[in-house]
Amino acid sequence: MAYQLNLNWPEFLEKYWQKKPVVLKNAFPGFVDPITPDELAGLAMEPEVDSRLVSHQGGKWQASHGPFEDFDGLGETDWSLLAQAVNHWHMPAAELVRPFRVLPEWRLDDLMISYSVPGGGVGPHIDNYDVFIIQGMGRRRWRVGDALPMRQFCPHPALLHVDPFEPIIDVEMSPGDILYIPPGFPHDGFTYEDTLNYSVGFRGPNGRDLISSFADYALENDLGGAHYSDPDLTVREHAGRVEQYELDRLREQMMAVINQPEDFKQWFGRFASTPRHELDIAPAEPPYQPEEVQEALLSGETLMRLSGLRVLNVEGCFFVNAERLTISDLKAADALSRYTELGQQELGDAVNQAEFIAELTEVINHGYWFFEE
Ligand code: SIN
Ligand code: CO
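Note that the coordinates shown come from a computational prediction; the quantities given were computed from them, not determined experimentally.

1. Topic: the coordination of the cobalt ion (ligand 2)
- With distances of 2.0 to 2.1 Å, the protein atoms coordinating the cobalt ion (ligand 2) are H125 (NE2), D127 (OD) and H187 (NE2).
- Spacing between the donor residues of the cobalt ion (ligand 2) along the chain follows H-x1-D-x59-H.
- Note on H125: relative accessible area 11%, which makes it buried.
- Note on D127: relative accessible area 13%, which makes it buried.

2. A word on the site of ligand 1
- The immediate surroundings of ligand 1 are formed by M112, S114, H125, D127, I133, R140, W142, H187, N197 and S199.
- Take H125: an N or O atom from its side chain is 3.0 Å from an oxygen atom of ligand 1.
- At the level of secondary structure, the elements contributing two or more residues to the shell around ligand 1 comprise β5 (108-116), β7 (140-145) and β13 (195-202).
- In the shell around ligand 1, the residues fall into 3 nonpolar, 5 polar and 2 charged.

3. What to know about the domain arrangement of the chain
- When cut into domains, the chain gives domain 1 (9-202), domain 2 (212-260) and domain 3 (290-371).
- The C-alpha centroid of domain 2 is placed 45 Å from the C-alpha centroid of domain 1.

4. Details of a nonpolar patch on the surface
- Taken together, the side chains of V242, L247 and L250 define a hydrophobic patch exposed on the protein surface, amounting to about 250 Å² of accessible area.
- Note that L250 resides in helix α5 (residues 244-258).

5. Here we look at the pairing of strand β9 (residues 159-162)
- Where strand β8 (residues 152-156) and β9 come together, 3 bridges link them in antiparallel fashion. Following the sheet pairing, F153 is matched in β9 by H161.
- Taking the residues that link successive antiparallel strands as the turn, the β8-β9 hairpin has 2 residues.

6. Overview of helix α10 (residues 354-366)
- The first and last C-alpha atoms of α10 sit 18 Å apart over 13 residues, in line with the 18 Å expected at 1.5 Å per residue.
- Every buried residue belonging to α10 is among F356, I357, E359, L360, T361, V363, I364 and N365, and all of these are buried.
- Buried positions along α10 lie against α7 (290-298), β14 (303-305), α8 (330-338), α9 (344-347) and β19 (369-371).
- Downstream of α10 by one or two residues, G367 has phi in the positive range, about 105°.

7. Focus: unusual backbone geometry
- Residue P67 is bonded to the preceding G66 through a cis peptide linkage, with omega at 5°.
- Structurally, P67 can be placed in the loop between β3 (60-65) and β4 (79-83).
- The step from E285 to P286 runs through a cis peptide bond, and the omega angle for that step is -5°.
- Positionally, P286 belongs in the loop between α6 (261-272) and α7.

8. Remarks on the side chain of S114
- Tracing the chain through its elements places S114 in strand β5.
- With residues near it in sequence (within four places) discarded, S114 still touches L40, S80, L81, L82, R140, T195, L196 and N197.

9. Some words on the pattern of salt bridges
- Taken as a whole and assessed by the stated rule, the structure comprises 18 salt bridges.
- Its salt-bridge partner being R276, residue D109 comes within 3.2 Å of it at the nearest N-O pair. On the criterion of sequence distance, the pair formed by D109 in strand β5 and R276 in the loop between α6 and α7 is long-range, its members being 167 residues apart.
- The buried category is assigned to D109, whose relative accessible area is 5%.
- Overall, the relative accessible area of 38% leaves R276 in the partly exposed class.
- As a salt-bridge pair, R249 and D232 come within 2.6 Å of each other at their nearest N and O atoms. Here D232 lies in the loop between α4 (207-220) and α5 and R249 lies in helix α5, a separation of 17 residues in the sequence.
- When its relative accessible area of 23% is taken as the criterion, R249 is described as partly exposed.

Criteria and thresholds
- Residues numbered from 1 in each chain as written.
- Chains lettered and ligands numbered in written order.
- Predicted model: local features only at pLDDT ≥ 70, side-chain atom pairs only at ≥ 80, totals over all residues.
- Heavy atoms only, no water.
- Donors = N, O, S within 2.8 Å, 3.2 Å for Na, K, Ca; no water.
- Buried < 20%, exposed > 50% of the residue type's maximum accessible area, 1.4 Å probe, protein only.
- Near = heavy atom within 4 Å.
- Polar contact = N/O pair within 3.5 Å; in protein donor to acceptor, adjacent residues only side chain to side chain.
- Helix = DSSP H or I, 4+ residues; strand = E, 2+ residues; numbered from the N terminus.
- Nonpolar A, V, L, I, M, F, W, Y, C, P; charged D, E, K, R; others polar.
- Domains from an automatic or database assignment.
- Patch = residues over 30% accessible without salt bridge, like charges linked within 9 Å, V, L, I, M, F, W, Y side chains within 5 Å.
- Areas by Shrake-Rupley, 256 points an atom, 1.4 Å probe, with all protein chains shown as cover.
- Salt bridge = Lys/Arg side-chain N within 4 Å of Asp/Glu carboxyl O.
- Pairing = 2+ DSSP bridges.
- Expected span 1.5 Å × (residues − 1).
- Contact = heavy atoms within 4.5 Å.

Below, the structure is given as structure tokens:
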């Protein structure tokens with residue numbers, strides 16, 4: 001099912017994105033859940049799926065990680081089952097992410113789905129990513145506080161909570177409503193009913209992760225081999241003191257390693273196309289021959305991108321799943337990074353080139369793209 005999202009994006013981005021939380025009433029009119037609680041429970045039993053069970057019984061918080069063998073003995077109240085990156089594993093649920101493709105793909109994290117029974121929730125907390133919480137079945141009350149400095153604590157080693165907060169939003173969400181929350185705003189969902197929530201998350205990398213990833217790239221690619229040098233050195237009266245100019249020079253030396261546009265681009269493409277959750281990659285079996293791929297495209301078949309796969313165009317360099325995407329035809333490569341479904345029309349003349357067809361056959365056989373069934 002294709003989801004129609006009623007949202008004035010330019011206005012939303014200007015007023016709310018990364019600035020303040022907002023309730024978007026009936027943003028998905030006539031919302032139909034793409035998944036059932038039973039299906040979600042089934043996913044939480046799979047080892048590839050990152051899932052959690054959070055309960056709050058008798059005033060005590062408990063949390064455990066999947067995969068789960070069964071859900072016996074849970075009772076009818078006070079728990080919530082959450083699964084990450086459901087868009088990688090459940091195609092109808094992945095459709096919910098599609099309307100958000102007006103935002104840059106490299107910022108998208110995943111689709112998390114939670115199923116809560118009366119009294120269930122993960123408790124008051126802060127996230128460090130932007131989240132669109134879509135209300136599915138049932139109704140749920142959400143409270144959001146202002147982004148003020150707050151004490152955080154762990155009521156259980158796997159949970160990070162915040163102190164009670166004064167709400168600036170206190171809303172009962174109905175199916176199809178969306179609550180958008182920027183990073184840093186405390187929030188808490190509470191329910192009297194069995195309810196499903198879909199969280200489309202967007203995460204910005206922090207400086208620490210960028211530096212650490214760039215450092216890995218520098219090591220792998222032998223960057224920054226030049227040593228500190230000081231031919232202008234003069235006699236020191238205090239040999240134990242590091243001088244200001246030396247610190248400046250060291251900082252510049254480090255900056256110079258990062259400040260190389262080509263390497264920066266090559267690193268960032270790999271970094272940003274790395275999935276944060278496992279993908280459901282299945283190599284084509286049996287593998288396609290290039291002639292078959294060409295014939296399928298020429299006869300109008302549609303190529304689908306593996307759900308959750310990141311394909312990025314970084315200034316004319318193409319990356320897929322943390323590697324260079326070797327497609328020599330730039331227009332076709334751009335189409336692969338732009339569309340999640342594409343065919344002859346989007347790929348253009350490349351469809352008639354043997355070199356492109358060979359390259360495309362390789363990524364199809366790898367399991368990154370497949371023909372619509
Ligand atoms: C939930 O769905 O219960 C948690 C979503 C969130 O707080 O980000
Ligand atoms: Co949250």
